[in-house]
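The residues making up each chain are set out below.
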Amino acid sequence: MRSRVVYESMFGNTAAIAEAIATGLRTHGTVEILNVCEAASTSAPTVDLLVVGGPTHALGLSRQRTRLDAAGRTEAPVVVDIGIREWLDAALPVAAGSRAAAFGTKTGKPSWMPGSAARGAAKRLRRLGYQLTDDPMNFLVDGMTGPLSEGELARAQAWGELLAFTEHDRIAHLH
Ligand SMILES: Cc1cc2nc3c(=O)[nH]c(=O)nc-3n(C[C@H](O)[C@H](O)[C@H](O)COP(=O)(O)O)c2cc1C
């Protein structure tokens, strides 16, 4: 089974979750992991499963102005021009039966904040024609910039394994 993980990340937390999901997915096949900028500039071949995720900003997927806000909170270079929202909004509809899953990160501590980038990504994936393997999945960070809350990397890897197992099993039953 071939999978691709496409992620957006300002402070590195969603990138780390994407890597952990990819590790889980590798239990059943090959995985390619791309930052949304790379994904936007390559016309990558179709895969069996596309997994897409980004940070929750202002209740949903980031926008240019929220990415600018994030850029002001870190010394690290932040990509402001494109995020998961813009990438999915520019994507073409997919063939019937295409499979995907959505994830996101959000603040869980010291006080839980509302909103879910995962839900925003899932909505757009469905609109493009994807069938979702699982419900959109949120992973938590402490504060605005992280680090990831305890146990979230392990949970992300386990979720990747679950997605891989589900799809691998489904493909096996098709043949
Ligand atoms: C501009 C901005 C708006 C945010 N809005 C929310 C929000 O509405 N809900 C939430 O749970 N977290 C919110 N957060 C926290 C982010 O979800 C958190 O920074 C992100 O999960 C970190 O992931 P990253 O390191 O990959 O960027 C916001 C962060 C920023 C910078």
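Further up the page is the structure itself.
These remarks concern the structure in this document. (Residues numbered from 1 in each chain as written. Predicted model: local features only at pLDDT ≥ 70, side-chain atom pairs only at ≥ 80, totals over all residues.)

## With respect to the overall build of the chain
Helix and strand content of the chain: six helices and six strands. Traced from its N-terminal end to its C-terminal end, the chain shows the element sequence β-α-β-α-β-α-α-β-α-β-β-α. Relative to the 2.2 N^0.38 estimate, which gives 16 Å for 175 residues, the radius of gyration of the chain is 15 Å and therefore close to what a compact globule would have. On the principal axes, the C-alpha backbone points of the chain span a range of 50 × 35 × 25 Å. Looking at the chain as a whole, 43% of its 175 residues are labelled buried. For the chain, long-range pairs separated by at least 24 residues make up 75% of all intrachain contacts whose partners lie at least 6 apart in sequence. (Helix = DSSP H or I, 4+ residues; strand = E, 2+ residues; numbered from the N terminus. Rg over C-alpha atoms; globule rule 2.2 N^0.38 Å. Buried ≥ 20, exposed ≤ 12 C-beta atoms within 10 Å, placed from the backbone. Contact = placed C-beta atoms within 7 Å.)

## Points about the site of the ligand
The environment of the ligand is formed by 24 residues, the closest being Met 10, Phe 11, Thr 14, Thr 105 and Lys 106. Listing elements by their share of the shell around the ligand, those giving two or more residues are helix H1 (13-25), helix H3 (64-71) and strand S4 (99-109). Tallied by class, residues from the shell around the ligand come to nine nonpolar, twelve polar and three charged. (Near = placed C-beta within 6 Å. Nonpolar A, V, L, I, M, F, W, Y, C, P; charged D, E, K, R; others polar.)

## Concerning the pairing of S4
Successive side chains on a regular strand alternate, one facing one side of the sheet and the next facing the other. Among the eleven residues in S4, nine count as buried, and that is most of the element. Pairing geometry for strand S3 (residues 49-55) and S4, over seven bridges, is parallel. Residue pairing across strands places Val 51 opposite Ala 101, the latter belonging to S4. Direction of pairing for S4 relative to strand S5 (residues 131-132): parallel, over a ladder of two bridges. (Pairing = 2+ DSSP bridges.)

## Notes on the environment of Gly 53
Residue position: Gly 53 is located in strand S3. For Gly 53, a count of 30 C-beta atoms within 10 Å puts it in the buried group. Linking Gly 53 and Gly 104, residues 51 residues apart in sequence, is a C-alpha distance of 4.9 Å. Contacts of Gly 53, omitting those with residues within four sequence positions, involve Tyr 7, Thr 14, Ile 17, Ala 18, Ala 102, Phe 103, Gly 104, Ala 118 and Ala 121.

## Remarks on the nonpolar core
Ile 21, Val 51, Val 52, Ala 100, Ala 102, Phe 103 and Ala 121 are the most contacted members of the largest nonpolar core, which has 41 residues in total. No other element matches H1, which puts seven residues into this core. Setting aside residues up to four positions removed in sequence, Ile 21 forms contacts with Val 5, Val 51, Phe 103, Ala 156, Trp 159 and Gly 160. (Core = buried A, V, L, I, M, F, W, Y, C linked by C-beta atoms within 7 Å.)

## A closer look at the environment of Trp 87
Summarising the element assignment, Trp 87 is placed in helix H4 (residues 84-89). Separated by 38 residues in the primary sequence, Trp 87 and Leu 125 place their C-alpha atoms 11 Å from one another. In contact with Trp 87, not counting residues within four places along its chain, are Val 36, Ala 39, Ala 40 and Ile 82.

## A word on unusual backbone geometry
Residues Lys 109 and Pro 110 are joined by a peptide bond in cis, for which omega reads -5 degrees. Mapped onto the elements of the fold, Pro 110 is located in the loop between S4 and helix H5 (117-128). A cis amide bond, omega 10 degrees, links Gly 146 with the succeeding residue Pro 147. With respect to the helices, strands and loops of the structure, Pro 147 is situated in the loop between strand S6 (137-142) and helix H6 (152-174). Unusually for a residue other than glycine, Ala 58 sits at a positive phi of about 50 degrees. You can see Ala 58 is positioned in the loop between S3 and H3. Despite not being glycine, Leu 59 has its phi angle at roughly 80 degrees, a positive value. Relative to the helices and strands, Leu 59 is located in the loop between S3 and H3.

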